[in-house]
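Chain by chain, the residues run as shown.
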Amino acid sequence: MNGKILVVDDEESIRYTFDFFLSEEGYSVTCAGDFDAAAAHMKETDFDLIYVDVVLDGRSGVDLLKTARDIDANVPVIMITGMPSVETAADSLRQGAIDYITKPICQETLLHSAKAAIRHKALLEEKEACRL
């Protein structure tokens, strides 16, 4: 298994597409359609990567990013959006997202971002282990 990924988007078609492409590559994928379900999954599972939509049924994906950081400071979070703006990109990166990608997301970009993010988390954990 390549890693555990949480996909958070209020659009079912996005969740399905991410799940399909990532599962085909051997990732274990969990999907959530809203803020509360995503937060519950984050408390139960140690994810290797989280994709979060910027807008979640009126709630902010950036708020969910902060929640993810509180639960696991090392988990990479990639923000996704269908309505990109410089402001939300900058805010997401300031709050600790490692990437910000726009919809529609092609399969190649999705798989590349997943591999890079999970590699990033592994390096952070290795660095922390060396400090102990």
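Quick note: structure is the one above.
Anyway, here's the lowdown on the structure attached to this text. Every chain's residues receive numbers from 1 upward, in the order its sequence appears when written. It should be noted that, the model being predicted, local features are given only for residues of pLDDT at least 70 and side-chain atom pairs only at 80 or more, the latter also being counted only at that level, while totals for whole chains, interfaces and linings use all residues. Excluding hydrogens and water, the side-chain figures rest on all heavy atoms present in the structure.

## Points about the overall build of the protein
- Counting from the N terminus, the helices are the DSSP runs of H or I reaching at least four residues and the strands are the DSSP runs of E reaching at least two. Within the protein, the regular secondary structure consists of five helices and seven strands.
- Start at the N end of the protein and walk to the C end: the helices and strands fall as β-α-β-α-β-β-β-α-β-α-β-α.
- With respect to the three principal axes, the spread of C-alpha positions in the protein is 40 × 30 × 25 Å.
- Scored against the burial criterion, the 132 residues of the protein give a buried share of 43%.
- In the protein, 65% of the contacts between residues at least 6 apart in sequence involve partners at least 24 apart.
- Carbon and sulfur atoms provide 51% of the accessible area of the protein, an area that totals close to 7,100 Å². Accessible area is worked out with a 1.4 Å probe on protein chains only. A residue is then buried under 20% of its type maximum, exposed over 50%, and partly exposed in between. By definition in these notes, contact holds between two residues if any of their heavy atoms fall within 4.5 Å. Areas reported here follow the Shrake-Rupley algorithm with a probe of radius 1.4 Å; residue values treat only the protein chains shown as occluding.

## Comments concerning the side chain of Thr81
- Inspection of the secondary structure assignment puts Thr81 in strand 6 (residues 77-81).
- Of the residues examined, Thr81 reaches a relative accessible area of 4% and is grouped as buried.
- With near-sequence residues (within four places) excluded, Thr81 lies in contact with Asp53, Val54, Tyr100, Ile101, Thr102 and Lys103.

## Regarding the packing of aromatic side chains
- Classification of ring pairs rests on two measures: the distance between centres of Phe, Tyr or Trp rings, Trp counted by its six-membered ring, which must be within 6.5 Å, and the angle between planes, read as stacked under 30 degrees, edge-to-face over 60 and tilted in between. Under the criterion given, the structure shown has three aromatic pairs.
- With a centroid separation of 6.4 Å and an interplanar angle of 20°, the aromatic rings of Tyr16 and Phe20 are classed as stacked. Linking Tyr16 with Phe20, this pair stays in helix 1 (residues 12-24), spanning four residues, or about one helical turn.
- A ring pair is formed by Phe18 and Tyr51, whose centres lie 5.2 Å apart and whose planes are at 90°; its orientation type is edge-to-face. Taken together, the residues span a long stretch of sequence, with Phe18 in helix 1 and Tyr51 in strand 3 (residues 49-53) at a distance of 33 residues.
- You can call Tyr51 buried: its relative accessible area is 0%.
- Here the aromatic cluster, defined as three or more aromatic residues joined through ring pairs, consists of Tyr16, Phe20 and Phe21.
- Directly above the ring of Phe35 sits Arg59, whose terminal nitrogen or CZ lies 3.8 Å from the centroid. Each ring is checked for a lysine NZ or an arginine CZ that lies within 6 Å of its centre and within 35 degrees of its normal; such an atom marks a charge sitting over the ring.

## Digging into the pattern of salt bridges
- The term salt bridge refers to a side-chain nitrogen of Lys or Arg lying within 4 Å of a carboxyl oxygen of Asp or Glu. Per the stated rule, a full pass over the model turns up 10 salt bridges.
- For Arg59, the salt bridge is made with Asp36, and the minimal N-O distance between the two is 3.7 Å. Taken together, the residues Arg59 in strand 5 (residues 59-60) and Asp36 in helix 2 (residues 35-44) connect sequence positions 23 residues apart.
- Note on Arg59: relative accessible area 37%, which makes it partly exposed.
- Using a relative accessible area of 54% as the deciding quantity, one classes Asp36 as exposed.
- Glu125 is paired through a salt bridge with Lys121; the nearest N and O atoms lie 3.5 Å apart. Of this pair, Glu125 and Lys121 both sit in helix 5 (residues 107-131), four residues apart, which is roughly one turn of that helix.
- Looking at Glu125, the relative accessible area reads 37%, which means it is partly exposed.
- Owing to a relative accessible area of 2%, Lys121 belongs among the buried residues under this scheme.

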